[in-house]
Each structure stands twice: as C-alpha cells, then as structure tokens.
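Geometric and topological summary
Now for the letters of each chain:
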Amino acid sequence: MTASPLVDAARLRSHLGARGLVVLDATVDKTADGRYVSGHAGFVDDGRIPGSRHADLIADFSDPQAPFPFTRPDAGAFEAGARALGICADSTVVVYDRRGGAWAARVWWLLRSFGHDDVGVLDGGLRAWVDAGGEVETGVVVPPRAGDFRATVRDGYFADTDAVRAAMNGDDPAGLVCALGRDVFEGRATVAGRAGHIPGSVNVPYPDLLDPTGHIDAHRVRAAVAELDRLPGRAAGRAVIGYCGGGINAAGLALALSVVGITTVEVYDGSLSEWNADPGNPLEIVDG
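All of the points below concern the structure found in this document. Keep in mind the model is a prediction, meaning the values are calculated, not measured.

Reading the values: rules and limits
Residues numbered from 1 in each chain as written. Predicted model: local features only at pLDDT ≥ 70, side-chain atom pairs only at ≥ 80, totals over all residues. Heavy atoms only, no water. Helix = DSSP H or I, 4+ residues; strand = E, 2+ residues; numbered from the N terminus. Rg over C-alpha atoms; globule rule 2.2 N^0.38 Å. Contact = heavy atoms within 4.5 Å. Areas by Shrake-Rupley, 256 points an atom, 1.4 Å probe, with all protein chains shown as cover. Pairing = 2+ DSSP bridges. Axes fitted to C-alpha atoms, helices over the stretch in contact; angles between N-to-C directions. Parallel < 35°, antiparallel > 145°, perpendicular 65-115°, else oblique. Nonpolar A, V, L, I, M, F, W, Y, C, P; charged D, E, K, R; others polar. Core = buried A, V, L, I, M, F, W, Y, C linked by side-chain atoms within 4.5 Å. Buried < 20%, exposed > 50% of the residue type's maximum accessible area, 1.4 Å probe, protein only. Right-handed = clockwise from strand over helix to strand, strands pointing away.

This brings us to the overall build of the protein chain. Counting its regular elements, the protein chain contains 10 helices and 14 strands. Taken against the 2.2 N^0.38 rule, which gives 19 Å for 288 residues, the C-alpha radius of gyration of the protein chain at 18 Å falls within 12% of a compact globule. Along the longest, intermediate and shortest principal axes, the C-alpha atoms of the protein chain span 50 × 40 × 40 Å. Of the contacts formed within the protein chain by residues at least 6 apart in sequence, a portion of 77% connects residues at least 24 apart. Counting every atom, the protein chain has about 12600 Å² of accessible surface; 49% of that belongs to carbon and sulfur.

Turning our eyes to something else, we now look at the sheet that holds strand E12 (residues 202-203). Taken together, the 5 strands give an open sheet; going across it, the order is E8-E14-E13-E9-E12, and neighbouring strands pair in parallel fashion. Strands at the two margins of the open sheet, each flanked by one partner only, are strand E8 (158-159) and E12. The pairing of strand E9 (residues 175-178) with E12 spans 2 bridges and is parallel. Paired with Val177 across the two strands is Val202, which belongs to E12.

Okay, the packing of helix H4 (residues 102-113) against helix H9 (residues 249-259) next. Remark: H4 packs on H9, axes separated minimally by 7 Å, with the N-to-C direction vectors making an angle of 80°. In terms of axis orientation, H4 runs roughly perpendicular to H9. Within the contact between the two elements, H4 uses Ala102, Ala105, Arg106, Trp108 and Trp109 and H9 uses Asn249, Ala251, Gly252, Ala254, Leu255 and Ser258. A per-class count over the contact of H4 with H9 returns 7 nonpolar, 3 polar and 1 charged.

With that settled, consider the sheet that holds strand E6 (residues 92-96). Two orientations exist for strands paired in a sheet by backbone hydrogen bonds: parallel and antiparallel. The 5 strands lie next to each other as E1-E7-E6-E2-E5, forming an open sheet whose pairing is parallel. Of all strands in the sheet, those with a lone pairing partner are strand E1 (6-7) and strand E5 (53-54), marking the two edges. Pairing between strand E2 (residues 21-25) and E5: 2 bridges, direction parallel. Bridging across to E5, Leu24 finds its partner in Arg53. The sheet strands contacting H4 are E2, E6 and strand E7 (119-122), and the helix crosses E7 at an angle near 175°.

Bringing unusual backbone geometry into the picture now. Unusually for a residue other than glycine, Phe70 sits at a positive phi of about 65°. Its location among the elements puts Phe70 in the loop between E5 and helix H3 (75-84). A positive phi angle is found at Ser271, which is not glycine, with a value near 45°. Tracing the backbone shows Ser271 in helix H10 (residues 271-275).

With respect to the helices and strands, Asp60 occurs in the loop between E5 and H3. With 18 residues separating them in the primary sequence, Asp60 and Phe78 have C-alpha atoms 7.1 Å apart.

Another aspect to go through is the nonpolar core. When a protein is soluble and globular, its nonpolar side chains tend to lie buried together. Core analysis: the biggest nonpolar cluster contains 74 residues, and Leu24, Ile87, Trp109, Leu257 and Leu272 have the highest contact counts within it. A total of 9 residues in this core trace back to one element, the largest contributor, which is H4. Discounting residues that sit within four places of it in the chain, Leu272 has contacts with Leu180, Val184, Val191, Ala192, Gly196, Ile198, Tyr243, Cys244, Gly245, Ala277 and Leu283. Residues Leu12, Ile49, Leu122 and Leu126 belong to the second largest nonpolar core, which totals 14 residues.

Across 2 bridges, the pairing between E8 and strand E14 (residues 265-268) is parallel. Counted as the bridge partner of Ala159 is Tyr268 from E14. Two strands pair when backbone bridges link them, and strand E13 (residues 240-243) and E14 are joined in this way by 3 bridges, in the parallel orientation. Residue Ile241 lies in a different strand from E14, and its bridge partner there is Glu266. Between the parallel elements E13 and E14, the chain passes through H9 in a crossover that is right-handed.

See the structure below:
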C-alpha cells in the first residue's frame, strides 16, 4: 500500500481496518505563546481517523532530555514508543497530521531511519480524509496490543553539525537547503534568537511545495529542484542536507523531494536551534 511515500485518502479508506495496518496521528499543537505541545488532546477531542493512534513527537518520538527540541531519540526509546503503538515488523504504517504534513513526515522519516520501510504519509492529512468522505471519531483510545518492532539504526538519514560545517566549507560536496520561509532565510525573522541562514544554503520552503488544500504538489516540487541544481555536488548525485528550526519542515522537504525521485537527502537534526546556539557558527542575511 505504500510503494509511493504518499497515500491517497480514498485508498486509505478502502484499506482501513485491514490486518497489519497501523494509522498514526502525529500532530503537534502550538500554544498562543508559541510553545509546542503534544497534539494528544486534539486527537482525543477534536476528531481523528477511526482506529488511529497518536504518535507523540513531544514525549515518545523525541529525546526529552536533549537540549534542542525534537531531537531524534535513541534506538531503544524509539523502539519502545513504536511497540506501544502496536507497530510490528510487518506492519504497514500510514502517518497523518492535522497541520501541513511536516509532523507526519517527521514520523515517516524516523521510522525509515530506524529500519521500517513500509510507511507512507496521508497526502493532505486529516483534511483530505474528511474531504474524501472519511468519518472521524472522538473519545478515549484503548491502547493497542504491543507490537514487536525492532529498531535498527540506518546511516544516511540524519546529519550533525560537523557534517553541516563540512558542507558549508566545501570540504564535502553535500548541499545545504533551508526548508523555512523566505523571511527566515533572508534574515527578516529569527530562529533561536538569531537571524539568517547557514552560508552556502539555497532556500526551498516546505510550505511552498503544498497546494492550497495541503497536498504535496509535484509540479511545485519539480520547479523547486532548479534551486537544488545550483548546489555543488548535485550533478554527481551528492546528498542535500535539509534544515529548518528543529528538523520538522526539513523532514517535510525530504518527503516532498522523494515524491519526484530525489532520495539522497539528509535532515540536520538540530537544525537552526542547534546551529544558532553557538555564536561562532556563521549566518548570512540577504541584502535588500
């Protein structure tokens, strides 16, 4: 069911309840004062795909002890979280959210990085489900039977600060891509108290790759690839390293690029939250 990274809502409806199918809501909510909080309350009270389970990116699928938000958990913690959601080695997993898809993409990316390939993202999220005639349910969820998922760490999914510095300095031909909006890239908005982008980056904002209904638009993605072609190493098929504020929109970028066949992507896990914590790390601001 997940040969493509994107799953159509009508197709999910026709498979809902199938043996081995696990549907996850990965929504994270934001408070009025700008804090990110678990989306579990909305999952329970505001409506969800029937039978779905909440993948908590605050408590279970990030490292709560890390200094930066949404840091990837270690294999043991991720394995425990996945098993608690009933994920097994042979599960087909479909992830969605109630926002723009980047939260779902982050869980998709994490599952793949820990060895699970049979995972996709519901294109258009919960809105697409409702638009396709899908019902929603509310109320407390009965925990599923524990799964037998076993995490295996794979290389090539996440980049660290050293890899970003190497790309910035030209010591590695990987290219740097900022998945945040132009206001951040140009320096008109700040992340973690600083303004600007990592030198040598190009800007491909993840939200710009969505159509007005929240679906990933392959035409927009292909148009954005022209920006990637400016990066050193692209002709040789070298990886691009996507970053944002905390590795979420960058995962959305990785998902969108995979739709058009670009799979040599890594996510800078700490992104600008980590980069900007060190005042010695340079930033560029676009003049004018």
